[in-house]
Amino acid sequence: MSSGMVIAIAIPVLVVLAAVVGFTSLRRRDAQGLGHLSRETRKRDAGTMAAPPVSDEARELERSVALARVSTEVAVPEPTTPEVWTPPDPEEVGVTRRQFLNRASITLMTMGLSTFGAANIAFLWPRPTAGFGSKVKIGTISSVNEVISSASPAANFSYFSEAQTYLQPYPMDAATQQAAEVVYSGSVLQGIKMGYVALWQKCPHLGCKVPSCSTSQWFECPCHGSQYNRVGEKKAGPAPRGMDRFPVIIDGDKVIIDTGSPSQGPPIGTDTTGQGLEGPHCA
Ligand code: FES
């Protein structure tokens, strides 16, 4: 290899090495950056921070202050007798959590028992003496008969709303009365013998109000189609029996319906009057 070639290779190598060294030193200076001071700055700071010379007067003053501090008496507190503990006054402390819970439990229990007792007393209290659920006076015999006879065109359907009752005339012929005696008894039969039957407006199926039908002359329930003849005996539909009824009481010349003592209607198939369909149905 000629010397010219060696020089030609060495020069670029040296240039590259010089560039690497320069780059590396720049990087290190950047890395030291903000956190490091230059040597000149550190040197200047050291010169500035050097402690100033202390004079003899200052030393003397410092010594005298130290002696005065040492010679100052330390205040020793007087010994005291510890206070005897006395339990706090409950009135001052107020209600504790336990007291609060106890009182709340007792109050709630008392209220619950009181409510239960009041409900029992109310249940045992006598029933109302007026209005539906009691004995309802609907008028005198003559006024009631007038209502019954004037109930045209829905003849034979006389309604007394205060008793929720249809007071129906019952045929007085011997055959009907005889048939009624086989089926009915007690206060209902007594009413029949006086010529009345008091039918509760409530359908024995599911409780709808049963209206009368002036064309068929039956009662026809609009809810599910149960049908009853003029004296409440079941003719058709899902009802389990005839219409329920109340005792009719004649007291002097007053007609009273005891709405507090309903009786169940007659069983399916009962037909004491033989009343057939008299026209088209309403429901
Ligand atoms: S409630 Fe009258 S038929 Fe059902």
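We now turn to the structure provided with this report.

What counts, and at which threshold
Residues numbered from 1 in each chain as written. Predicted model: local features only at pLDDT ≥ 70, side-chain atom pairs only at ≥ 80, totals over all residues. Heavy atoms only, no water. Pairing = 2+ DSSP bridges. Helix = DSSP H or I, 4+ residues; strand = E, 2+ residues; numbered from the N terminus. Contact = heavy atoms within 4.5 Å. Axes fitted to C-alpha atoms, helices over the stretch in contact; angles between N-to-C directions. Polar contact = N/O pair within 3.5 Å; in protein donor to acceptor, adjacent residues only side chain to side chain. Disulfide = S-S within 2.5 Å.

Quick notes on the sheet that holds strand S2 (residues 159–160)
- Strand order in the open sheet formed by 4 strands is S2-S3-S4-S9, and the pairing between neighbours is antiparallel. A strand with exactly one partner marks an edge of an open sheet, and here the two such strands are S2 and strand S9 (245–246).
- Together, S2, strand S3 (165–169) and strand S4 (196–200) form the strand contacts of helix H6 (residues 141–149), whose direction differs from that of S4 by roughly 70°.

A look at the side chain of Arg241
- Relative to the helices and strands, Arg241 resides in the loop between strand S8 (234–236) and S9.
- Within the structure, Arg241 has its side chain in polar contact with the side chain of Asp244 (distance 2.8 Å).
- If we ignore the near neighbours within four places in the chain, the residues touching Arg241 are Pro204, Tyr228, Lys234, Gln264, Gly265, Pro266 and Ile268.

Looking at the state of the cysteines
- In total, this model carries 2 disulfides according to the counting rule given.
- Two residues, Cys213 and Cys282, share a disulfide whose sulfurs are 1.9 Å apart. Judged by the torsion about the S-S bond (80°), the Cys213/Cys282 disulfide is right-handed. With Cys213 in strand S5 (residues 212–213) and Cys282 in the segment after strand S11 (254–258), this residue pair connects regions lying 69 residues apart in the sequence.
- When the bonded cysteines of the protein chain are numbered from the N-terminus onward, they pair as 1-3, 2-4.

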